[in-house]
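Reading the structure
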Amino acid sequence: MARPTEVRRTSGGNALLAFILGLPVLAGLAGTVLPAFGYLPALGGSRVTLAHIAELAGQPHILRSVLTGLAAGLLTTAGAISIVGAFVAGFAGTRLFARIQHLVSPLLAVPHAAAAFALAFLVAPSGFLLRLISPELTGFTRPPDWPLPNDPFALTMIAGLLVKEVPFLFLVTLAALPQLPLIRARRLAAALGYGRIAGFAVCLWPALYRQIRLPVFAVLVYSVSVVDVAMILGPKLPPTLPVRIAQWTGSPELGARFLASAGAFLQIGVVVAAMAIWIVLERIGKAVLERLIFSGRRLVRDGALRAAAALVMTACTAAIFAGLGLLSIWSFAGLWPFPDALPGSLTSKTWMRTLPQLRTSFGTTIALALCAALLSLLFTILLLYRNGTAAGQRNPGYRLLYLPLLVPEISFVFGLQVLMLSAGLLPGFASVLAVHFIFVLPYVLLSLSAPWQALDPRFERIAAGFGKSALSILFTVRLPLLLRPCLTALAVGFAVSVSLYLPTLLIGSGRLTTITTEAVALSSGGDRRVIGIYALVQGLLPFLAFFIASLGPQLLFRNRRLMRT
């Protein structure tokens, strides 16, 4: 049973999280809902009206925009959870599982926009995949007129989201697996005659899914309301609803703000509908699993399904790595006509021409990411220290961490922008940093909380026995022992900040440009060589952060072998 002091500390920590994460989200939602119904005194809206909702309903193809985004989000989430679930069920505990784990882990650092560009350069009509088989197998001597990657059914967008969400859900599942009796359940299922996948589904899947349910909903909300990936890979005529909201937001007509607010309010409804549909699908899945259990079928012959799961997992990994390699080739490519598989020459002229333009956005990206990650790390250490959790104590479980991830960012970030403009606050570095902090903090706290609680408390007890104060123990014992997890959490926060597109665009009002905003802006028809440079730099920045996080302990503790691991 928790002691009163521990309960007070935990409740105080959650209250602080509620203030930092909950208040901006609620304020942003208010800034979206009120203008949607006509109330925005800064733009002359002083009475409640349904005119803007009616104007939104009259927009051409608005229903198709809504349904396309909704279907893409549901299919992405269902596909990602199916792929990860089948692979984990079929291969958990095997050598192949460990190898795929090492390959997939770095993909979490790749921003969504960089992964989308990587896939676009592969599957486009003049992309690398078609160049490999043309003209020998296809007969094409010029790029075919295919609607790729911006196909009207959003299939390319779904594929782009899948190659990023599969690694995320896989790593979340890896974190949950140690809490399950995997080996004993495997043996029991085998003794009862179940196949690997069926045995895992019967014995372990319900408990595993309960642990990863919140991240699954976070994937669903992101996929339904994504903007940057939809702009790069999604349909154009009409685009998805979040993209149209972003376009209305950037309109020079001030009246379009009301229309954008109505669209953002509709997007909240779309997300709620997606969650409701997913809950229904969960119940259907539960009924199917119960039917499987009571039917007595063992489904021993699952080799084809296991092979397909391993193939898809490998394909997701290979697609991103191959795409990043292709981005680097394009950034140095000279003349590269279709259907040549490789460029005729390599040159650094594009880099030399682009570097002066890249310098400003590069510096802004680094400064924002470092400041947001450092602030999040400092707050995380303060919160964990205040709660005083250690090995053997109850994990406080910060449920509010997923709040910014379970609310469509196009809705509450747009509302924050409206409130800022209404209050007369000018967009700038500080305001963008504050919004980045809201998104970065959950990832940093989730990354550091488990290592913080797992640290052996005997180290601190020994220091306390020598008369060290609590703060002295924190700085001389706990933090040095947790240097690697702290640096890893810092790298995670850095990567999240680098990848943020919509918060930077809306809160910065276009005055603050980063590598991500520039890369997405170029997607509408820029030079592939320049796009390759921006997307490559955006993708390499997180890898650089994780490399430094891995190298730091090796250098600082080079004479202490156990401290380097």
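Residues numbered from 1 in each chain as written. Predicted model: local features only at pLDDT ≥ 70, side-chain atom pairs only at ≥ 80, totals over all residues. Heavy atoms only, no water.

What the protein contains, in helices and strands, is 24 helices and two strands. In terms of its C-alpha atoms, the protein occupies a principal-axis envelope of roughly 70 × 60 × 55 Å. Residue burial in the protein is summarised as follows: out of 565 residues, 52% are buried. In the protein, 81% of the contacts between residues at least 6 apart in sequence involve partners at least 24 apart. A total of about 26,200 Å² of accessible surface is found on the protein, and carbon and sulfur atoms cover 67% of it. Across the protein, 44 positive and 17 negative side-chain charges occur, with their mean positions spaced 12 Å apart. (Helix = DSSP H or I, 4+ residues; strand = E, 2+ residues; numbered from the N terminus. Buried < 20%, exposed > 50% of the residue type's maximum accessible area, 1.4 Å probe, protein only. Contact = heavy atoms within 4.5 Å. Areas by Shrake-Rupley, 256 points an atom, 1.4 Å probe, with all protein chains shown as cover. Lys, Arg positive; Asp, Glu negative; His and termini not counted. Charge placed at Lys NZ, Arg CZ, Asp CG, Glu CD.)

With that settled, consider the side chain of Ser-376. The topology assignment puts Ser-376 in helix α15 (residues 349-387). Not counting residues within four places of it along the chain, the set of residues in contact with Ser-376 comprises Phe-437, Val-440, Leu-441 and Val-444.

Here we come to the packing of aromatic side chains. Per the stated rule, a full pass over the model turns up 12 aromatic pairs. Seen in terms of ring centroids, Phe-97 and Phe-170 are 5.5 Å apart; in terms of plane orientation they differ by 65 degrees. Their pairing is edge-to-face. Highlighted residues: Phe-97 in helix α4 (residues 95-104) and Phe-170 in helix α7 (residues 155-176), separated in sequence by 73 residues. Overall, the relative accessible area of 6% leaves Phe-97 in the buried class. When the centroid spacing of 4.6 Å and the interplanar angle of 35 degrees are considered together, the rings of Trp-330 and Trp-336 count as tilted. (Phe/Tyr/Trp six-rings, centres within 6.5 Å; stacked < 30°, edge-to-face > 60°.)

On to empty space enclosed by the protein. The method is simple in principle: a probe with the dimensions of a water molecule rolls over the atoms, and the space it marks as empty is what remains. Inspection of every chain in the model, using the stated rule, returns one cavity of 30 Å³ or more. If you add up the space inside the largest cavity, you get close to 40 Å³. Lining of the largest cavity is provided by Thr-365, Leu-368, Ala-369, His-436, Ser-497, Val-498, Leu-500, Thr-504, Thr-514 and Thr-516. A per-element tally of the lining of the largest cavity places α15 first, with three residues. (1 Å grid on protein atoms, 1.4 Å probe; cavity = no way out; pocket = protein on both sides within 12 Å on 5 of 7 lines; lining within 4 Å. Points joined across faces, edges and corners; volume = space filled by probe spheres on them.)

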